[in-house]
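What follows is each chain in one-letter form.
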Amino acid sequence: MKAIKKITSTAVPVNIENVDTDQIIPARFLKATNRDGFGKNLFRDWRYENDDEQKPRAAFVLNDARFDGKILVAAKNFGCGSSREHAAWAIKDYGFDVVVSSFFADIFKNNALNNFLLPITVSDDYLKKFFAAVDQDPSTPITVDLENQEISFYGHDQKEWIENFEISPYKKTCLLNGYDDIDYLLSMKDEITAFENKSITI
């Protein structure tokens, strides 16, 4: 997988609370077993009238040409509901690398990290400022610095808003280096061998 280090991008705002995984990717699209192709059905029931791709809902943000980018900004309690990993697959396959919210369901958060989708938890106040800035100017650039665990943007008043975010050291190492679990173990091969040899001599 492609490593995530520092991303500067515009954002797509979904200012709706309690978005569950069935809204992210409806259950009828869960038949596939690989991760490809789920992006076209992301928020399917919100994107189209009567599930008809010829009738996109103009009011929904993914159909609004003003909004684009690699960062999805979501309201509080994003990814609740069932534990389907397909929700993370759909968001990643659509083209997002980062999801920002003030609260994530734990299972969704873990699924996201396992699929190289970085979930960033920010304060409620910061999230409000985020939505206000993007709504006022969809071209607002947001910078995510994983190494320093910072997210930042400039408001309409040209003030820079910065907030730190938490991430497990293990997952941070994996994302920075493009490692899955196996890659991570292989990266520690020399240390593991040295430990095993030390154990044998003792």
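Residues numbered from 1 in each chain as written. Predicted model: local features only at pLDDT ≥ 70, side-chain atom pairs only at ≥ 80, totals over all residues. Heavy atoms only, no water.

1. Description of the sheet that holds strand β3 (residues 71–74)
Thinking step 1. Taken in spatial order, the four strands of this open sheet run β2-β3-β4-β5, and their pairing is parallel. Since the sheet does not close on itself, it has two edges, and those belong to β2 (11–14) and β5 (118–121), each with one partner. The mean inter-strand angle of the sheet, taken between neighbouring strand axes irrespective of direction, is 20°. (Pairing = 2+ DSSP bridges. Helix = DSSP H or I, 4+ residues; strand = E, 2+ residues; numbered from the N terminus. Axes fitted to C-alpha atoms, helices over the stretch in contact; angles between N-to-C directions.)

2. Here's the deal with the pairing of strand β6 (residues 142–145)
Thinking step 1. Here β6 shows no split at all, with I142 and V144 on one side and T143 and D145 on the other all buried.
Thinking step 2. Bridge count between strand β1 (residues 6–9) and β6: four bridges; the pairing is antiparallel. Bridging from a neighbouring strand, T8 pairs with T143 of β6.
Thinking step 3. Where β6 lies against strand β7 (residues 150–154), four bridges are found, and the strand directions are antiparallel. (Buried < 20%, exposed > 50% of the residue type's maximum accessible area, 1.4 Å probe, protein only.)

3. Focus on helix α3 (residues 86–94)
Since one α-helical turn is 3.6 residues long, residues separated by three or four positions face the same way.
Thinking step 1. Taken residue by residue, α3 has H86, A87, A88, W89, A90 and I91 as its buried positions.
Thinking step 2. Where α3 is buried, its residues touch α1 (21–24), β3, β4 (98–101) and α4 (106–114).
Thinking step 3. Remark: G95 follows α3 within two positions and exhibits a positive phi of approximately 125°. (Contact = heavy atoms within 4.5 Å.)

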